[in-house]
Amino acid sequence: MSRPESSPLPALQEAVANNLIRHRSILDIISKLDETNAKVNRSVARSVTLCGCIQVHAEKQQLGESLHQCLECANSHVQGELCEECTEQLEQELGRHLYYLAALCNSLGVSLDQVVRQELERLSALGLFTLA
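Draft legend 1. Structural detail: the overall build of the protein chain. A count of helices and strands for the protein chain gives 5 helices and 2 strands. Overall, the protein chain shows an N-to-C arrangement of helices and strands of α-α-β-α-β-α-α. The C-alpha radius of gyration of the protein chain comes to 18 Å, more than 25% above the 14 Å expected for a compact globule of 132 residues. Structurally, the protein chain occupies a C-alpha span of about 50 × 40 × 30 Å along its principal axes. Residues counted as buried form 21% of the 132 residues belonging to the protein chain. Taking the contacts inside the protein chain whose residues are at least 6 apart along the sequence as the reference set, 69% of them involve residues at least 24 apart. One finds the centroid of the 11 positive side-chain charges in the protein chain at a distance of 8 Å from the centroid of its 17 negative side-chain charges.

If you want it as structure tokens, here you go:
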């Protein structure tokens, strides 16, 4: 996985800082973050139950004996692909969720870009051992 030279995350955090007025309280931000998370989940559920463009066929994961086999055997349980309308709706909900995640970072003085970079470094260093 290659990393882009320039990340849009600092620009997102700055835009959120300049636009977030009504829900600036940390209490408002964490409740809005929870609300947007629920809307992301609802958007996926509606893709299954209302639209039907994807289906969920869940069963016990049949994992291999090694970490590499587990990666090859693990299943998302999703069949089909999101239609254009459901993709658009999910992207909108994910965007709002990211907005409030950036707002939370702003409130606490955390760089979202730095968080993402550190997580990428951790994943690169540990590889499959992050599963343990």
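Draft legend 2. Seen up close, the side chain of serine 47. Secondary-structure assignment places serine 47 in helix α2 (residues 26–51). With residues near it in sequence (within four places) discarded, serine 47 still touches Gly52, Cys53, Ile54, Leu82 and Cys86.

Draft legend 3. Main features of the layout of surface pockets. Of the voids in this model, the largest pocket is the one considered here, and its volume is about 180 Å³. Residue lining of the largest pocket: Lys39, Arg42, Ser43, Arg46, Ser47, Leu50, Cys51, Glu85, Cys86, Gln89 and Glu93, and that is the complete set. Contributing elements (two or more residues each) for the lining of the largest pocket: α2 and α4 (84–108). Sort the elements by how many residues they give to the lining of the largest pocket and α2 lands first, with 7 residues. Its residues assigned to classes, the lining of the largest pocket comprises 3 nonpolar, 3 polar and 5 charged.

Draft legend 4. Up close: the packing of aromatic side chains. Counted under the stated rule, the structure contains 1 aromatic pair. Arranged with centres 5.0 Å apart and planes meeting at 80°, the rings of tyrosine 99 and tyrosine 100 form a pair that is edge-to-face. Residue classification places tyrosine 99 among the buried residues on the basis of a relative accessible area of 16%. It is arginine 96 that lies over the ring of tyrosine 99; its NZ or CZ is 5.0 Å from the centre.

Draft legend 5. View of a negative patch on the surface. A surface patch of like charges, here negative, comprises Glu84, Glu85, Glu88 and Glu91. Summarising the element assignment, glutamate 88 is placed in helix α4.

Cut-offs and rules
Numbering of residues starts from 1 in each chain and follows the order in which that chain's sequence is written. Reporting of local features is limited, given that this is a predicted model, to residues whose pLDDT is at least 70; pairs of side-chain atoms are given and counted only at 80 or more, and all residues count toward the totals for whole chains, interfaces and linings. Think of the side-chain values as coming from all heavy atoms in the structure, minus any hydrogens and water. Only DSSP runs of H or I with at least four residues qualify as helices, and only runs of E with at least two residues qualify as strands; both kinds are numbered from the N terminus onward. Note on method: radius of gyration uses C-alpha positions; expected globular size equals 2.2 Å times residues raised to 0.38. Each residue's exposure class comes from its accessible area (1.4 Å probe, protein chains only) as a fraction of the maximum for that residue type: buried when under 20%, exposed when over 50%, partly exposed otherwise. In this description, contact between two residues means that some pair of their heavy atoms is separated by no more than 4.5 Å. Only four residue types enter the charge count, namely Lys and Arg as positive and Asp and Glu as negative; His and the chain termini do not. Note that the charge is assigned to NZ on lysines, CZ on arginines, CG on aspartates and CD on glutamates. Only protein atoms enter the 1 Å grid used here. Points where a 1.4 Å probe fits but cannot escape make up a cavity, open sets with protein on both sides within 12 Å along at least five of seven lines make up a pocket, and a residue lines them when an atom lies within 4 Å of a point. Grid points are joined across faces, edges and corners, and a volume is the space filled by probe spheres set on the points. All residues other than Ala, Val, Leu, Ile, Met, Phe, Trp, Tyr, Cys, Pro, Asp, Glu, Lys and Arg, Gly among them, are scored as polar; the first ten of these are nonpolar and the last four charged. The criterion for an aromatic pair is that two Phe, Tyr or Trp rings (for Trp, the six-membered ring) have centres within 6.5 Å, with stacked assigned to planes under 30 degrees apart, edge-to-face to planes over 60 apart and tilted to the rest. Placement of a positive charge over a ring is assigned whenever Lys NZ or Arg CZ falls within 6 Å of the ring centre and within 35 degrees of the normal to the ring plane. Residues enter a patch when their relative accessible area is above 30% and they make no salt bridge; the linking distance is 9 Å between like charges and 5 Å between nonpolar side chains (Val, Leu, Ile, Met, Phe, Trp, Tyr). Surface accessibility in these figures is a Shrake-Rupley result with a 1.4 Å probe; residues are shielded only by whichever protein chains are displayed. The salt bridge definition used is simple: a Lys or Arg side-chain nitrogen within 4 Å of an Asp or Glu carboxyl oxygen.

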